[in-house]
2 protein chains.
Amino acid sequence: MNDEHISSAFDRDLEAIQAEILKMGGLVEEAIMKATVSLETHDSELADEVCNADASIDLLEEQINQEAARVIALRQPAAVDLRVILTVLKIAANLERIGDYAKNMAKRTRVLSQLTQINGATASLRRMAREVERMLRDALNAFIMRDSIMANGVLVRDQDVDQMYNALFREFLTFMMEDPRNITPCIQLHFIAKNIERMGDLVTNIAEQVVYLVTGTLPDDARPKMDLTSMELEVIPQSK
Amino acid sequence: MNDEHISSAFDRDLEAIQAEILKMGGLVEEAIMKATVSLETHDSELADEVCNADASIDLLEEQINQEAARVIALRQPAAVDLRVILTVLKIAANLERIGDYAKNMAKRTRVLSQLTQINGATASLRRMAREVERMLRDALNAFIMRDSIMANGVLVRDQDVDQMYNALFREFLTFMMEDPRNITPCIQLHFIAKNIERMGDLVTNIAEQVVYLVTGTLPDDARPKMDLTSMELEVIPQSK
(Lines give C-alpha, C1' and ligand atoms only; values in the text may rest on other atoms or scores of the structure.)
Protein backbone atom coordinates (compact mmCIF):
# COMPACT_ATOMS: atom_id res chain seq x y z
CA MET A 1 0.00 0.00 0.00
CA ASN A 2 1.65 3.25 -1.04
CA ASP A 3 1.01 6.80 0.12
CA GLU A 4 -1.22 7.58 -2.82
CA HIS A 5 -3.55 4.77 -1.90
CA ILE A 6 -3.73 5.89 1.70
CA SER A 7 -4.35 9.44 0.61
CA SER A 8 -7.17 8.62 -1.80
CA ALA A 9 -8.77 6.31 0.75
CA PHE A 10 -8.72 9.19 3.21
CA ASP A 11 -10.18 11.50 0.57
CA ARG A 12 -13.04 9.11 -0.06
CA ASP A 13 -13.74 8.87 3.67
CA LEU A 14 -13.59 12.62 3.98
CA GLU A 15 -16.02 13.09 1.09
CA ALA A 16 -18.44 10.68 2.72
CA ILE A 17 -18.27 12.61 6.00
CA GLN A 18 -18.68 15.93 4.22
CA ALA A 19 -21.77 14.54 2.48
CA GLU A 20 -23.15 13.68 5.92
CA ILE A 21 -22.46 17.23 7.10
CA LEU A 22 -24.35 18.64 4.12
CA LYS A 23 -27.23 16.25 4.79
CA MET A 24 -27.29 17.36 8.42
CA GLY A 25 -27.13 21.00 7.32
CA GLY A 26 -30.06 20.43 4.97
CA LEU A 27 -32.16 18.97 7.79
CA VAL A 28 -31.29 21.89 10.06
CA GLU A 29 -32.16 24.47 7.37
CA GLU A 30 -35.47 22.69 6.87
CA ALA A 31 -36.12 22.75 10.62
CA ILE A 32 -35.50 26.50 10.79
CA MET A 33 -37.73 27.14 7.79
CA LYS A 34 -40.57 24.94 9.02
CA ALA A 35 -40.39 26.35 12.56
CA THR A 36 -40.69 29.85 11.11
CA VAL A 37 -43.62 28.99 8.85
CA SER A 38 -45.43 27.20 11.69
CA LEU A 39 -44.98 30.29 13.82
CA GLU A 40 -46.56 32.55 11.21
CA THR A 41 -49.40 30.25 10.18
CA HIS A 42 -50.07 28.74 13.63
CA ASP A 43 -49.58 25.35 12.01
CA SER A 44 -49.11 23.02 14.98
CA GLU A 45 -48.73 19.94 12.78
CA LEU A 46 -45.75 21.52 11.07
CA ALA A 47 -44.35 22.43 14.49
CA ASP A 48 -44.72 18.76 15.51
CA GLU A 49 -42.79 17.74 12.39
CA VAL A 50 -39.89 19.97 13.46
CA CYS A 51 -39.90 18.49 16.97
CA ASN A 52 -39.96 14.93 15.65
CA ALA A 53 -37.27 15.54 13.02
CA ASP A 54 -34.77 16.66 15.67
CA ALA A 55 -33.99 13.02 16.53
CA SER A 56 -32.67 12.48 12.98
CA ILE A 57 -30.39 15.49 13.35
CA ASP A 58 -29.04 14.18 16.67
CA LEU A 59 -28.52 10.74 15.14
CA LEU A 60 -26.57 12.21 12.23
CA GLU A 61 -24.27 14.03 14.63
CA GLU A 62 -23.67 10.77 16.45
CA GLN A 63 -22.89 8.99 13.16
CA ILE A 64 -20.53 11.76 12.06
CA ASN A 65 -18.73 11.55 15.43
CA GLN A 66 -18.29 7.81 15.09
CA GLU A 67 -17.27 7.97 11.45
CA ALA A 68 -14.72 10.69 12.20
CA ALA A 69 -13.23 8.62 15.05
CA ARG A 70 -13.08 5.61 12.73
CA VAL A 71 -11.30 7.59 10.01
CA ILE A 72 -8.78 9.03 12.48
CA ALA A 73 -8.02 5.59 13.94
CA LEU A 74 -7.87 3.86 10.55
CA ARG A 75 -6.15 6.44 8.32
CA GLN A 76 -4.09 8.21 10.98
CA PRO A 77 -4.27 11.45 9.03
CA ALA A 78 -1.42 13.96 9.14
CA ALA A 79 -1.76 17.47 10.56
CA VAL A 80 -3.73 19.17 7.77
CA ASP A 81 -6.14 16.28 7.16
CA LEU A 82 -6.64 15.87 10.89
CA ARG A 83 -7.57 19.52 11.13
CA VAL A 84 -10.33 18.96 8.54
CA ILE A 85 -11.74 16.06 10.55
CA LEU A 86 -11.66 18.04 13.79
CA THR A 87 -13.42 20.91 12.00
CA VAL A 88 -16.09 18.48 10.86
CA LEU A 89 -16.71 17.49 14.49
CA LYS A 90 -17.09 21.10 15.52
CA ILE A 91 -19.44 21.88 12.64
CA ALA A 92 -21.59 18.86 13.49
CA ALA A 93 -21.79 19.93 17.15
CA ASN A 94 -22.90 23.43 16.12
CA LEU A 95 -25.49 22.06 13.69
CA GLU A 96 -26.90 19.85 16.43
CA ARG A 97 -27.36 22.86 18.68
CA ILE A 98 -29.00 24.92 15.92
CA GLY A 99 -31.41 22.01 15.48
CA ASP A 100 -32.21 22.15 19.20
CA TYR A 101 -33.04 25.84 18.95
CA ALA A 102 -35.32 25.24 15.95
CA LYS A 103 -37.09 22.54 17.95
CA ASN A 104 -37.48 24.85 20.93
CA MET A 105 -38.86 27.54 18.59
CA ALA A 106 -41.39 25.07 17.18
CA LYS A 107 -42.48 24.09 20.69
CA ARG A 108 -43.28 27.68 21.52
CA THR A 109 -45.35 28.06 18.33
CA ARG A 110 -48.17 26.03 19.77
CA VAL A 111 -48.21 28.11 22.94
CA LEU A 112 -48.11 31.39 21.05
CA SER A 113 -51.03 30.57 18.80
CA GLN A 114 -53.22 30.58 21.91
CA LEU A 115 -52.07 33.93 23.27
CA THR A 116 -52.81 37.57 22.40
CA GLN A 117 -51.29 38.26 18.96
CA ILE A 118 -48.58 40.90 18.73
CA ASN A 119 -48.72 42.89 15.50
CA GLY A 120 -45.89 42.37 13.05
CA ALA A 121 -43.81 40.27 15.43
CA THR A 122 -43.87 37.01 13.50
CA ALA A 123 -42.94 38.80 10.26
CA SER A 124 -39.85 40.27 11.95
CA LEU A 125 -38.94 36.88 13.38
CA ARG A 126 -39.36 35.34 9.92
CA ARG A 127 -36.94 37.86 8.42
CA MET A 128 -34.39 37.09 11.13
CA ALA A 129 -34.78 33.33 10.71
CA ARG A 130 -34.60 33.54 6.91
CA GLU A 131 -31.32 35.43 7.16
CA VAL A 132 -29.88 32.85 9.59
CA GLU A 133 -30.95 30.04 7.25
CA ARG A 134 -29.15 31.71 4.32
CA MET A 135 -26.06 32.32 6.44
CA LEU A 136 -26.03 28.66 7.41
CA ARG A 137 -26.19 27.56 3.77
CA ASP A 138 -23.32 29.90 2.87
CA ALA A 139 -21.22 28.81 5.86
CA LEU A 140 -21.54 25.16 4.82
CA ASN A 141 -20.79 25.98 1.18
CA ALA A 142 -17.77 27.94 2.36
CA PHE A 143 -16.65 24.84 4.24
CA ILE A 144 -17.04 22.52 1.27
CA MET A 145 -15.29 25.00 -1.04
CA ARG A 146 -12.70 25.97 1.61
CA ASP A 147 -13.63 29.59 0.85
CA SER A 148 -12.57 31.89 3.68
CA ILE A 149 -13.91 35.00 1.93
CA MET A 150 -17.41 33.54 1.79
CA ALA A 151 -17.05 32.49 5.44
CA ASN A 152 -15.98 35.99 6.43
CA GLY A 153 -19.07 37.33 4.67
CA VAL A 154 -21.21 35.22 6.99
CA LEU A 155 -19.49 36.73 10.03
CA VAL A 156 -20.36 40.23 8.87
CA ARG A 157 -23.97 39.34 8.20
CA ASP A 158 -24.46 38.04 11.74
CA GLN A 159 -24.30 41.65 12.88
CA ASP A 160 -27.54 42.32 10.95
CA VAL A 161 -29.20 39.47 12.80
CA ASP A 162 -28.00 40.92 16.10
CA GLN A 163 -29.37 44.34 15.15
CA MET A 164 -32.73 42.83 14.25
CA TYR A 165 -32.76 41.09 17.62
CA ASN A 166 -31.94 44.24 19.55
CA ALA A 167 -34.69 46.18 17.75
CA LEU A 168 -37.21 43.44 18.51
CA PHE A 169 -36.17 43.33 22.16
CA ARG A 170 -36.95 47.02 22.53
CA GLU A 171 -40.23 46.64 20.68
CA PHE A 172 -41.35 43.80 22.96
CA LEU A 173 -40.47 45.82 26.04
CA THR A 174 -42.65 48.67 24.78
CA PHE A 175 -45.58 46.33 24.21
CA MET A 176 -45.20 44.89 27.70
CA MET A 177 -45.16 48.32 29.31
CA GLU A 178 -48.27 49.32 27.39
CA ASP A 179 -50.46 46.47 28.51
CA PRO A 180 -49.81 43.67 31.03
CA ARG A 181 -51.79 41.29 28.80
CA ASN A 182 -48.92 41.55 26.35
CA ILE A 183 -46.35 40.30 28.87
CA THR A 184 -46.83 36.56 28.42
CA PRO A 185 -46.92 36.59 24.59
CA CYS A 186 -43.99 39.04 24.44
CA ILE A 187 -41.90 36.85 26.74
CA GLN A 188 -42.57 33.90 24.45
CA LEU A 189 -41.78 35.95 21.34
CA HIS A 190 -38.64 37.20 23.00
CA PHE A 191 -37.55 33.61 23.72
CA ILE A 192 -37.95 32.87 20.01
CA ALA A 193 -36.04 36.00 18.97
CA LYS A 194 -33.26 35.03 21.36
CA ASN A 195 -33.23 31.49 19.94
CA ILE A 196 -32.78 32.86 16.43
CA GLU A 197 -30.08 35.25 17.59
CA ARG A 198 -28.22 32.30 19.14
CA MET A 199 -28.64 30.27 15.97
CA GLY A 200 -26.88 33.16 14.22
CA ASP A 201 -24.03 32.93 16.75
CA LEU A 202 -23.72 29.20 16.11
CA VAL A 203 -23.62 29.76 12.35
CA THR A 204 -20.91 32.32 13.09
CA ASN A 205 -18.99 29.62 14.99
CA ILE A 206 -19.15 27.42 11.89
CA ALA A 207 -17.95 30.26 9.65
CA GLU A 208 -15.09 30.97 12.07
CA GLN A 209 -14.06 27.32 11.97
CA VAL A 210 -13.95 27.53 8.17
CA VAL A 211 -11.79 30.65 8.29
CA TYR A 212 -9.51 28.90 10.77
CA LEU A 213 -9.31 25.78 8.63
CA VAL A 214 -8.45 27.70 5.46
CA THR A 215 -6.22 30.46 6.80
CA GLY A 216 -4.83 28.88 9.99
CA THR A 217 -5.90 31.82 12.14
CA LEU A 218 -9.19 32.83 13.71
CA PRO A 219 -10.78 36.04 12.41
CA ASP A 220 -9.44 39.09 14.28
CA ASP A 221 -12.74 40.06 15.80
CA ALA A 222 -13.89 36.51 16.31
CA ARG A 223 -17.47 36.36 17.43
CA PRO A 224 -18.47 39.97 17.87
CA LYS A 225 -21.21 39.70 20.49
CA MET A 226 -23.87 42.20 19.65
CA ASP A 227 -26.64 41.29 22.02
CA LEU A 228 -26.82 44.75 23.51
CA THR A 229 -29.48 43.83 26.04
CA SER A 230 -26.80 43.19 28.66
CA MET A 231 -25.92 46.85 28.32
CA GLU A 232 -29.47 48.20 28.39
CA LEU A 233 -30.20 50.44 31.29
CA GLU A 234 -33.61 51.88 30.83
CA VAL A 235 -34.83 51.15 27.37
CA ILE A 236 -37.96 53.06 28.04
CA PRO A 237 -38.89 55.13 31.09
CA GLN A 238 -39.32 52.98 34.15
CA SER A 239 -42.44 54.65 35.38
CA LYS A 240 -45.49 55.23 33.24
CA MET B 1 10.44 1.86 20.43
CA ASN B 2 8.06 -0.77 21.79
CA ASP B 3 4.37 -0.61 22.55
CA GLU B 4 4.93 0.06 26.21
CA HIS B 5 6.96 3.15 25.43
CA ILE B 6 4.34 4.47 23.05
CA SER B 7 1.63 3.77 25.60
CA SER B 8 3.34 5.53 28.47
CA ALA B 9 4.19 8.51 26.26
CA PHE B 10 0.52 8.72 25.39
CA ASP B 11 -0.43 8.45 29.05
CA ARG B 12 1.88 11.32 29.93
CA ASP B 13 0.38 13.45 27.15
CA LEU B 14 -3.10 12.54 28.28
CA GLU B 15 -2.33 13.46 31.88
CA ALA B 16 -1.03 16.82 30.75
CA ILE B 17 -4.21 17.49 28.78
CA GLN B 18 -6.39 16.36 31.68
CA ALA B 19 -4.52 18.78 33.93
CA GLU B 20 -5.36 21.56 31.46
CA ILE B 21 -9.02 20.53 31.56
CA LEU B 22 -9.02 20.72 35.36
CA LYS B 23 -7.33 24.11 35.21
CA MET B 24 -9.95 25.32 32.73
CA GLY B 25 -12.70 23.88 34.95
CA GLY B 26 -11.26 25.71 37.95
CA LEU B 27 -11.33 29.02 36.07
CA VAL B 28 -14.91 28.42 34.97
CA GLU B 29 -16.03 27.54 38.51
CA GLU B 30 -14.37 30.72 39.73
CA ALA B 31 -16.15 32.74 37.04
CA ILE B 32 -19.55 31.35 38.05
CA MET B 33 -18.85 32.02 41.70
CA LYS B 34 -17.58 35.56 41.17
CA ALA B 35 -20.42 36.42 38.79
CA THR B 36 -22.91 35.29 41.43
CA VAL B 37 -21.26 37.24 44.23
CA SER B 38 -21.00 40.38 42.09
CA LEU B 39 -24.72 40.05 41.35
CA GLU B 40 -25.62 39.91 45.01
CA THR B 41 -23.23 42.58 46.25
CA HIS B 42 -23.48 44.88 43.20
CA ASP B 43 -19.70 44.64 42.98
CA SER B 44 -18.95 45.93 39.49
CA GLU B 45 -15.18 45.47 39.90
CA LEU B 46 -15.69 41.79 40.55
CA ALA B 47 -17.99 41.65 37.51
CA ASP B 48 -15.20 43.24 35.45
CA GLU B 49 -12.80 40.57 36.69
CA VAL B 50 -15.13 37.87 35.39
CA CYS B 51 -15.40 39.58 32.00
CA ASN B 52 -11.63 39.97 31.70
CA ALA B 53 -10.86 36.42 32.83
CA ASP B 54 -12.95 34.95 30.01
CA ALA B 55 -10.07 35.46 27.57
CA SER B 56 -7.91 33.05 29.61
CA ILE B 57 -10.65 30.44 29.45
CA ASP B 58 -10.93 30.83 25.67
CA LEU B 59 -7.16 30.60 25.33
CA LEU B 60 -7.06 27.40 27.37
CA GLU B 61 -9.66 25.82 25.10
CA GLU B 62 -7.56 26.78 22.10
CA GLN B 63 -4.46 25.24 23.72
CA ILE B 64 -6.31 22.05 24.59
CA ASN B 65 -7.56 21.80 21.00
CA GLN B 66 -4.06 22.17 19.63
CA GLU B 67 -2.52 19.84 22.16
CA ALA B 68 -5.17 17.20 21.44
CA ALA B 69 -4.54 17.46 17.70
CA ARG B 70 -0.79 17.16 18.32
CA VAL B 71 -1.24 14.05 20.46
CA ILE B 72 -3.53 12.41 17.90
CA ALA B 73 -1.10 13.13 15.06
CA LEU B 74 1.99 12.12 17.04
CA ARG B 75 0.77 9.11 19.04
CA GLN B 76 -1.91 7.87 16.65
CA PRO B 77 -3.93 6.49 19.55
CA ALA B 78 -6.09 3.38 19.14
CA ALA B 79 -9.87 3.38 19.51
CA VAL B 80 -10.20 3.66 23.29
CA ASP B 81 -7.46 6.26 23.77
CA LEU B 82 -8.80 8.23 20.84
CA ARG B 83 -12.21 8.29 22.47
CA VAL B 84 -10.68 9.88 25.58
CA ILE B 85 -9.07 12.61 23.49
CA LEU B 86 -12.28 13.31 21.60
CA THR B 87 -14.11 13.49 24.94
CA VAL B 88 -11.55 16.02 26.14
CA LEU B 89 -12.34 18.21 23.10
CA LYS B 90 -16.06 18.09 23.84
CA ILE B 91 -15.55 18.87 27.53
CA ALA B 92 -13.33 21.84 26.65
CA ALA B 93 -15.95 23.17 24.22
CA ASN B 94 -18.65 22.93 26.89
CA LEU B 95 -16.45 24.63 29.49
CA GLU B 96 -15.78 27.47 27.08
CA ARG B 97 -19.50 28.01 26.63
CA ILE B 98 -20.16 27.91 30.37
CA GLY B 99 -17.48 30.60 30.71
CA ASP B 100 -19.32 32.71 28.12
CA TYR B 101 -22.53 32.46 30.13
CA ALA B 102 -20.75 33.48 33.33
CA LYS B 103 -19.32 36.48 31.49
CA ASN B 104 -22.75 37.43 30.15
CA MET B 105 -24.14 37.12 33.69
CA ALA B 106 -21.42 39.42 35.03
CA LYS B 107 -22.18 41.97 32.31
CA ARG B 108 -25.80 42.15 33.38
CA THR B 109 -24.78 42.66 37.03
CA ARG B 110 -23.74 46.21 36.35
CA VAL B 111 -27.04 46.99 34.63
CA LEU B 112 -29.09 45.37 37.38
CA SER B 113 -27.47 47.31 40.18
CA GLN B 114 -29.00 50.44 38.68
CA LEU B 115 -32.55 49.13 38.35
CA THR B 116 -35.41 48.58 40.79
CA GLN B 117 -34.41 45.74 43.12
CA ILE B 118 -36.54 42.60 43.09
CA ASN B 119 -36.87 41.00 46.53
CA GLY B 120 -35.19 37.65 47.01
CA ALA B 121 -34.28 37.23 43.36
CA THR B 122 -30.50 37.32 43.69
CA ALA B 123 -30.60 34.80 46.56
CA SER B 124 -32.54 32.36 44.38
CA LEU B 125 -30.12 32.93 41.50
CA ARG B 126 -27.20 32.31 43.88
CA ARG B 127 -28.66 28.99 44.97
CA MET B 128 -29.09 27.94 41.33
CA ALA B 129 -25.56 29.03 40.41
CA ARG B 130 -24.02 27.35 43.46
CA GLU B 131 -25.68 24.08 42.51
CA VAL B 132 -24.41 24.35 38.92
CA GLU B 133 -20.90 25.07 40.20
CA ARG B 134 -20.99 21.94 42.39
CA MET B 135 -22.35 19.86 39.52
CA LEU B 136 -19.51 21.09 37.32
CA ARG B 137 -16.89 20.10 39.89
CA ASP B 138 -18.45 16.62 40.22
CA ALA B 139 -18.73 16.17 36.45
CA LEU B 140 -15.03 16.94 36.03
CA ASN B 141 -14.08 14.67 38.93
CA ALA B 142 -16.23 11.96 37.36
CA PHE B 143 -14.25 12.44 34.15
CA ILE B 144 -10.87 12.19 35.83
CA MET B 145 -11.95 9.15 37.85
CA ARG B 146 -13.90 7.63 34.92
CA ASP B 147 -16.83 7.31 37.34
CA SER B 148 -20.11 6.90 35.48
CA ILE B 149 -22.15 6.67 38.68
CA MET B 150 -20.95 10.07 39.80
CA ALA B 151 -21.64 11.42 36.31
CA ASN B 152 -25.17 10.00 36.38
CA GLY B 153 -25.71 11.74 39.71
CA VAL B 154 -24.96 15.06 37.99
CA LEU B 155 -27.60 14.34 35.35
CA VAL B 156 -30.24 13.81 38.02
CA ARG B 157 -29.31 17.00 39.85
CA ASP B 158 -29.77 19.11 36.72
CA GLN B 159 -33.49 18.54 37.13
CA ASP B 160 -33.36 20.50 40.39
CA VAL B 161 -31.73 23.39 38.56
CA ASP B 162 -34.45 23.26 35.92
CA GLN B 163 -37.12 23.28 38.61
CA MET B 164 -35.53 26.29 40.30
CA TYR B 165 -35.50 28.04 36.91
CA ASN B 166 -39.15 27.29 36.21
CA ALA B 167 -40.18 28.57 39.64
CA LEU B 168 -38.19 31.78 39.13
CA PHE B 169 -39.69 32.30 35.67
CA ARG B 170 -43.20 32.24 37.16
CA GLU B 171 -42.15 34.54 39.97
CA PHE B 172 -40.71 37.11 37.56
CA LEU B 173 -43.88 37.01 35.46
CA THR B 174 -45.93 37.77 38.57
CA PHE B 175 -43.71 40.74 39.46
CA MET B 176 -44.00 42.09 35.91
CA MET B 177 -47.78 41.83 35.92
CA GLU B 178 -47.94 43.63 39.27
CA ASP B 179 -46.01 46.70 38.26
CA PRO B 180 -44.63 47.77 34.85
CA ARG B 181 -41.59 49.25 36.63
CA ASN B 182 -40.57 45.68 37.40
CA ILE B 183 -40.51 44.68 33.73
CA THR B 184 -36.99 45.83 32.87
CA PRO B 185 -35.27 44.42 35.99
CA CYS B 186 -37.25 41.17 35.74
CA ILE B 187 -36.28 40.73 32.10
CA GLN B 188 -32.62 41.14 33.10
CA LEU B 189 -33.00 38.74 36.03
CA HIS B 190 -34.73 36.28 33.76
CA PHE B 191 -31.81 36.46 31.30
CA ILE B 192 -29.50 35.55 34.18
CA ALA B 193 -31.73 32.70 35.36
CA LYS B 194 -31.82 31.38 31.80
CA ASN B 195 -28.02 31.66 31.58
CA ILE B 196 -27.64 29.56 34.73
CA GLU B 197 -30.18 27.04 33.49
CA ARG B 198 -28.17 26.69 30.27
CA MET B 199 -24.93 26.32 32.23
CA GLY B 200 -26.64 23.40 33.95
CA ASP B 201 -27.46 21.89 30.54
CA LEU B 202 -23.82 22.27 29.48
CA VAL B 203 -22.61 20.58 32.68
CA THR B 204 -25.11 17.84 31.83
CA ASN B 205 -23.48 17.52 28.41
CA ILE B 206 -20.13 17.00 30.12
CA ALA B 207 -21.58 14.37 32.48
CA GLU B 208 -23.18 12.60 29.51
CA GLN B 209 -19.85 12.52 27.72
CA VAL B 210 -18.30 10.91 30.81
CA VAL B 211 -21.04 8.28 30.95
CA TYR B 212 -20.50 7.63 27.23
CA LEU B 213 -16.75 7.38 27.67
CA VAL B 214 -16.98 4.94 30.57
CA THR B 215 -19.94 2.79 29.53
CA GLY B 216 -19.91 3.18 25.74
CA THR B 217 -23.55 4.23 25.63
CA LEU B 218 -25.31 7.52 26.24
CA PRO B 219 -27.65 7.66 29.25
CA ASP B 220 -31.16 6.46 28.32
CA ASP B 221 -32.87 9.72 28.97
CA ALA B 222 -29.99 11.82 27.70
CA ARG B 223 -30.54 15.47 28.36
CA PRO B 224 -34.00 15.68 29.84
CA LYS B 225 -35.07 19.19 28.88
CA MET B 226 -37.03 20.63 31.72
CA ASP B 227 -37.41 24.24 30.70
CA LEU B 228 -41.19 24.13 30.92
CA THR B 229 -41.63 27.71 29.72
CA SER B 230 -42.13 26.47 26.17
CA MET B 231 -45.19 24.68 27.47
CA GLU B 232 -46.59 27.52 29.54
CA LEU B 233 -49.91 28.79 28.40
CA GLU B 234 -51.14 31.28 30.87
CA VAL B 235 -48.98 31.16 33.91
CA ILE B 236 -51.14 33.74 35.55
CA PRO B 237 -54.41 35.23 34.31
CA GLN B 238 -53.88 37.33 31.21
CA SER B 239 -56.11 40.18 32.30
CA LYS B 240 -55.83 41.82 35.65
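Up top you'll find the structure we're talking about.
Every chain's residues receive numbers from 1 upward, in the order its sequence appears when written. Here every chain gets a letter starting at A, and every ligand a number starting at 1, in the order they are written. Note on the predicted model: pLDDT of at least 70 is required for a residue's local features to be given, and 80 or more for side-chain atom pairs to be given and counted; whole-chain, interface and lining totals, by contrast, use all residues. To get the side-chain values, all heavy atoms of the structure are used, and hydrogens and water are removed first.

**Things to note about the overall build of chain A**
The condition is simple: Helix numbering and strand numbering both begin at the N terminus, where a helix is a DSSP run of H or I of at least 4 residues and a strand a DSSP run of E of at least 2. Relative accessible area decides the class of each residue, using a 1.4 Å probe on protein chains only: under 20% of the type maximum gives buried, over 50% gives exposed, and in between gives partly exposed. We call two residues in contact whenever any of their non-hydrogen atoms come within 4.5 Å of each other. Areas reported as accessible are Shrake-Rupley estimates using a 1.4 Å probe. Residue values count occlusion only from the protein chains shown.
Scanning chain A from N- to C-terminus turns up six helices and zero strands. Each helix (α) and strand (β) of chain A, taken in turn from the N terminus, gives the series α-α-α-α-α-α. For chain A, the proportion of its 240 residues judged to be buried stands at 54%. Taking contacts inside chain A between residues at least 6 apart in sequence as the whole, the part at least 24 apart equals 85%. When the accessible surface of chain A is split by element, carbon and sulfur atoms take 51% of a total near 10,000 Å².

**Digging into the state of the cysteines**
Basically, it comes down to this: Only a pair of cysteine sulfur atoms within 2.5 Å qualifies as a disulfide here.
A complete count under the given rule lists zero disulfides over all chains for this structure. Note on B:Cys186: no disulfide assigned, nearest cysteine sulfur contributed by A:Cys186 at a separation of 15 Å.

**A word on unusual backbone geometry**
For A:His42, which is not a glycine, the phi torsion comes out positive at approximately 55°. Even without glycine at this site, B:Arg146 takes up a positive phi of about 50°. Among the secondary structure elements, B:Arg146 is positioned in the loop between helix H4 (121-145) and helix H5 (148-178).

**With respect to the packing of helix H4 (residues 121-145) of chain A against helix H6 (residues 183-215) of chain A**
Residue and element names in this part refer to chain A. Rules: Lines fitted to the C-alpha atoms define the axes, with helices restricted to the stretch that makes contact. Angles between their N-to-C directions range from 0 to 180 degrees. When describing relative orientation, an angle under 35 degrees is termed roughly parallel and one over 145 degrees roughly antiparallel, while 65 to 115 degrees is termed roughly perpendicular and anything else oblique. Crossings are sorted by hand: turned counterclockwise from the far helix by less than a right angle, the near helix makes the crossing left-handed, and turned clockwise it makes it right-handed. Under the scheme applied here, ten amino acids are nonpolar (Ala, Val, Leu, Ile, Met, Phe, Trp, Tyr, Cys and Pro), four are charged (Asp, Glu, Lys and Arg), and all others, including Gly, are polar.
It is the contact of H4 with H6, at a shortest axis distance of 9 Å, that shows an interaxial angle of 15°. Relative to H6, H4 is oriented roughly parallel. For the pair H4 and H6, the sense of crossing is left-handed. For the pair formed by H4 and H6, the contact residues are Ala-121, Leu-125, Met-128, Ala-129, Val-132, Met-135, Leu-136, Ala-139, Leu-140, Ala-142 and Phe-143 on the first element and Leu-189, Ile-192, Ala-193, Ile-196, Glu-197, Met-199, Gly-200, Val-203, Ile-206, Ala-207, Val-210 and Leu-213 on the second. Of the residues assigned to the contact of H4 with H6, the class counts are 21 nonpolar, one polar and one charged.

**Quick notes on the pattern of salt bridges**
Definition in use: Any carboxyl oxygen of Asp or Glu that lies within 4 Å of a side-chain nitrogen of Lys or Arg is treated as forming a salt bridge with it.
Counting across every chain of the model gives 32 salt bridges over all chains. Measuring nitrogen to oxygen at the nearest pair gives 2.8 Å for the salt bridge that ties B:Asp48 to B:Arg110. Within this pair, whereas B:Asp48 is found in helix H2 (residues 44-75), its partner B:Arg110 is found in helix H3 (residues 79-112), the two being separated by 62 residues in sequence. Put simply, A:Asp13, A:Glu67, A:Arg70 and A:Arg75 are held in one network by salt bridges that share partners.

**Here's the deal with the packing of aromatic side chains**
Rules: To pair, rings of Phe, Tyr and Trp, with the six-membered ring standing in for Trp, must have centres within 6.5 Å; the planes then decide the type, stacked if under 30 degrees apart, edge-to-face if over 60, and tilted in the middle.
One pass over the structure, following the stated rule, counts four aromatic pairs over all chains. Judged by centre distance (6.3 Å) and plane angle (35°), the ring pair of A:Tyr165 and A:Phe169 falls under tilted. Here A:Tyr165 pairs with A:Phe169, and both are found in helix H5 (residues 148-178), just four residues apart, close to one helical turn. Take A:Tyr165 and A:Phe169: they sit in the same class, and that class is buried. On the basis of an interplanar angle of 40° and a centroid distance of 5.8 Å, the ring pair of A:Phe191 and B:Phe169 is categorised as tilted. One end of the pair, A:Phe191, is in helix H6; the other, B:Phe169, is in helix H5, on a second chain.

**With respect to H4(B)**
Which entries qualify depends on this criterion: What a helix is expected to span follows from its residue count: subtract one and scale by 1.5 Å.
Compared with an ideal rise of 1.5 Å per residue, which puts 25 residues at 36 Å, H4(B) spans 36 Å between its outermost C-alpha atoms and is within 8% of the ideal. Directly after H4(B), the chain includes B:Arg146, whose backbone phi takes a positive value near 50°.

**Quick notes on helix H2 (residues 44-75) of chain A**
Residue and element names in this part refer to chain A. What counts here: Polar contact criterion, stated in full: a pair of N or O atoms within 3.5 Å, where within protein one must be able to donate a hydrogen and the other to accept it, and residues adjacent in sequence count only if both atoms are side-chain atoms.
For H2, with 32 residues, the first-to-last C-alpha span of 47 Å sits near the 46 Å given by 1.5 Å per residue. Its side-chain oxygen 3.1 Å from the backbone nitrogen of Glu-45, Asp-43 forms the N-cap of H2. Gln-76 sits one or two positions beyond H2 and adopts a positive phi of about 45°.

**Details of a nonpolar patch on the surface**
Residues and elements named next belong to chain B. Applied cut-off: A patch consists of residues exposed above 30% relative accessible area that lack any salt bridge, with like charges linked at up to 9 Å and nonpolar side chains (Val, Leu, Ile, Met, Phe, Trp, Tyr) linked at up to 5 Å.
On the surface, Leu-22, Ile-144 and Met-145 cluster together into a nonpolar patch covering about 250 Å² of accessible area. Position of Ile-144 relative to the elements: it lies in helix H4. Overall, the relative accessible area of 30% leaves Ile-144 in the partly exposed class.

**What to know about the environment of B:Tyr165**
Exposure remark for B:Tyr165: the relative accessible area of 0% places this residue in the buried category. For the pair formed by B:Tyr165 and B:Met128, sequence separation is 37 residues and the distance between their alpha carbons is 7.8 Å.

**Here we look at the packing of H2(B) against H3(B)**
Residue and element names in this part refer to chain B. At a minimum axis distance of 9 Å, the contact between H2 and H3 shows a crossing angle of 165°. Of the possible angle classes, the one that applies to H2 and H3 is roughly antiparallel. For H2 against H3, the interelement crossing comes out left-handed. Each residue belonging to the contact of H2 with H3 can be placed in one class, and the counts come to 17 nonpolar, four polar and nine charged.

**Notes on the environment of B:Leu89**
Inspection of the secondary structure assignment puts B:Leu89 in helix H3. Taking the C-alpha atoms as reference points, B:Leu89 and B:Met135, separated by 46 residues in sequence, lie 19 Å from one another.

**Considering the side chain of A:Glu131**
Residue and element names in this part refer to chain A. Tracing the backbone shows Glu-131 in helix H4. Note on Glu-131: relative accessible area 13%, which makes it buried. Among the polar contacts made by the side chain of Glu-131, one reaches the side chain of Arg-157 at a distance of 3.1 Å. Those residues within four positions of Glu-131 in sequence are excluded, and the remaining contacts are Arg-157, Val-161 and Met-164.

**Some details on the environment of A:Val80**
All names here are of chain A. Among the secondary structure elements, Val-80 is positioned in helix H3 (residues 79-112). Residue classification places Val-80 among the exposed positions, given a relative accessible area of 58%. The spatial distance from the C-alpha of Val-80 to the C-alpha of Leu-213 is 8.7 Å, given a sequence separation of 133 residues.

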